[in-house]
Structure formats: structure tokens, C-alpha cells
Amino acid sequence: DIVDFGTQEEYIWMHELLSSLNYPYVAVTGNHDLIGNGGEIYNLMYGDYNFSFTFNGNKFIYINTCSREYNFDNNVPDIQWLDNELSDTANYKNAIIVCHVSHFHVDFNSELSDEYIKVLRKYKKVLLSINGHVHDFRFIAPGNDNISYLNTYSTSREKFVLIKIWDTNFSYEIIN
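Conventions and cut-offs
Residues numbered from 1 in each chain as written. Predicted model: local features only at pLDDT ≥ 70, side-chain atom pairs only at ≥ 80, totals over all residues. Heavy atoms only, no water. Pairing = 2+ DSSP bridges. Helix = DSSP H or I, 4+ residues; strand = E, 2+ residues; numbered from the N terminus. Axes fitted to C-alpha atoms, helices over the stretch in contact; angles between N-to-C directions. Contact = heavy atoms within 4.5 Å. Phe/Tyr/Trp six-rings, centres within 6.5 Å; stacked < 30°, edge-to-face > 60°. Buried < 20%, exposed > 50% of the residue type's maximum accessible area, 1.4 Å probe, protein only. Lys NZ or Arg CZ within 6 Å of the ring centre and 35° of its normal. Disulfide = S-S within 2.5 Å. Arc of directions from axis to C-beta.

A.B. asks: Describe the sheet that holds strand 2 (residues 58–62), naming the residues involved and giving the relevant values.
C.D. replies: In spatial order, the strands read 1-2-3-4-6-5; together these 6 strands make up an open sheet with mixed pairing. Strand pairing shows two members of the sheet lacking a second neighbour, strand 1 (51–55) and strand 5 (138–140), which therefore form its edges. Each neighbouring strand pair of the sheet contributes to a mean axis angle of 15°, computed without reference to strand direction. Sheet topology places strand 4 (residues 126–131) next to strand 6 (residues 148–151); 4 bridges connect them, and they run parallel. Within strand 6, the residue paired with Ser 129 across the bridge is Tyr 149. Packing of helix 3 (residues 79–87) onto the sheet brings it into contact with strand 1, strand 2, strand 3 (94–98) and strand 4, and relative to strand 2 it is tilted by some 170°.

The structure is reproduced here in C-alpha cells:
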């Protein structure tokens, strides 16, 4: 969540704060960002909810997984879009999925969960899935799908997770 109540004032405040960083930042939409007119404001400030970019051979795929905010209408997450993003395997070494609500959580559309996981496993290049909905650190090491799942802290915890990616591996460090 970038903001708490989806108000324009919150978005402006957060933009001013994040713009003061000495590093670029990229946002993924959270459920609180979609409250009221928050989704429209998010879209104007940050662009599409679903987007990707490649950096150093790693494809970062940002996808809206806030199903509850769409009344579980079977359109969020957009599984077809995700499949299309992952399908071009010749042009990236690893895929890193960045979303807010993990497919393990009740706020993720359970009717889409199996299909979502199937797409993540399909191309065998998803290294890591990062989310933050539960506002606390959790790490699930690779199971039979060889994908690691990492939930980050909320800013209220005054901690963050530094992730380093190389070749086909990664490490993480919790920074207080």
C-alpha cells in the first residue's frame, strides 16, 4: 500500500517523500491504494496497474492482485496478461513477480489461484514473487515449483528488505 485511504493528499505526500530518495522507485498497487478514487489517482500518477520492465536480464513483472477490491470478478489478477509477459523466455534470465496480495491470502481470488500458480510454473523462470499485503516479513523457500515467496514489511515497521539478484539466484537482508 502506498497510501492508506486512497486520497489525493496522501498520494501527493507519499510522492514528495519518495521523490526525495536518492534512488528511483517503482510502485505496485495495493488494496488501500484502490479505496474511493484512489485507483484513478494511482493510475494518473504511476500508470498501468500491470506493467513490466527488464533490467540486467531480469524481468520484473508488476501485477495487480487485489481481487477483493474488484469483488472477485475473475478479472484480477489478469492471468492472460501474466502468461503473455512470461512467455517471451528468450529475452530474460529470471522473472521476478511483484504484487501486493499473495496467492496464499484470502484476498486473492481463490477461483484464479490454481491458474495463477500454473502460469508461474509454466515457463520455469520465475525466481521470486514479492508481495506486501500482510505488512510483515515472511519467506517461503522453494517447494516443488522452485519459486521463492517473500512478503515485505510495511513502512510502519521501520524496516525494509534488501534483495540482491545475480545469475539465477538471490539473497535478502533485513535492514532496520
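Back to the write-up after that little detour.
A.B. asks: A description of the packing of aromatic side chains should follow, citing residues and the corresponding values.
C.D. replies: Summed over the entire model, instances satisfying the criterion amount to 12 aromatic pairs. Judged by centre distance (5.1 Å) and plane angle (75°), the rings of Phe 104 and Tyr 149 are edge-to-face. Of the two residues, Phe 104 sits in the loop between strand 3 and helix 4 (110–122) while Tyr 149 sits in strand 6, which places them 45 residues apart along the sequence. Of the residues examined, Tyr 149 reaches a relative accessible area of 6% and is grouped as buried. Among the aromatic residues, ring-to-ring pairing joins Phe 137, Phe 139, Tyr 153, Phe 170 and Tyr 172 into one connected group. Here Lys 125 stacks its cationic end above the ring of Tyr 92, 5.2 Å away from the centre of that ring.

A.B. asks: Run through the state of the cysteines, naming residues and quoting values.
C.D. replies: Tallying each qualifying case throughout the model produces 0 disulfides. Between Cys 66, a cysteine without a disulfide, and Cys 99, which holds the nearest cysteine sulfur, the sulfur-to-sulfur distance is 8.6 Å. By relative accessible area, which is 0% here, Cys 66 ends up buried. You can call Cys 99 buried: its relative accessible area is 3%.

A.B. asks: With reference to specific residues and values, describe the environment of Leu 128.
C.D. replies: Residue placement: Leu 128 occurs in strand 4. Between the C-alpha atom of Leu 128 and that of Ile 147, which follows or precedes it by 19 residues, the distance is 5.6 Å.

A.B. asks: Outline helix 2 (residues 38–46), listing residues and values.
C.D. replies: Counting along an α-helix, one turn takes 3.6 residues, and residues three or four places apart therefore face a common direction. Among the residues of helix 2, Gly 38, Gly 39, Ile 41 and Tyr 42 are the ones counted as buried. Seen along its axis, helix 2 keeps its buried residues to an arc of 160°; they face one direction. Turned more than 90 degrees away from the buried face of helix 2, the exposed residues are Glu 40 and Leu 44. Those residues of helix 2 that are buried are in contact with helix 1 (8–19). Gly 47 sits one or two residues past helix 2 and shows a positive phi near 95°.

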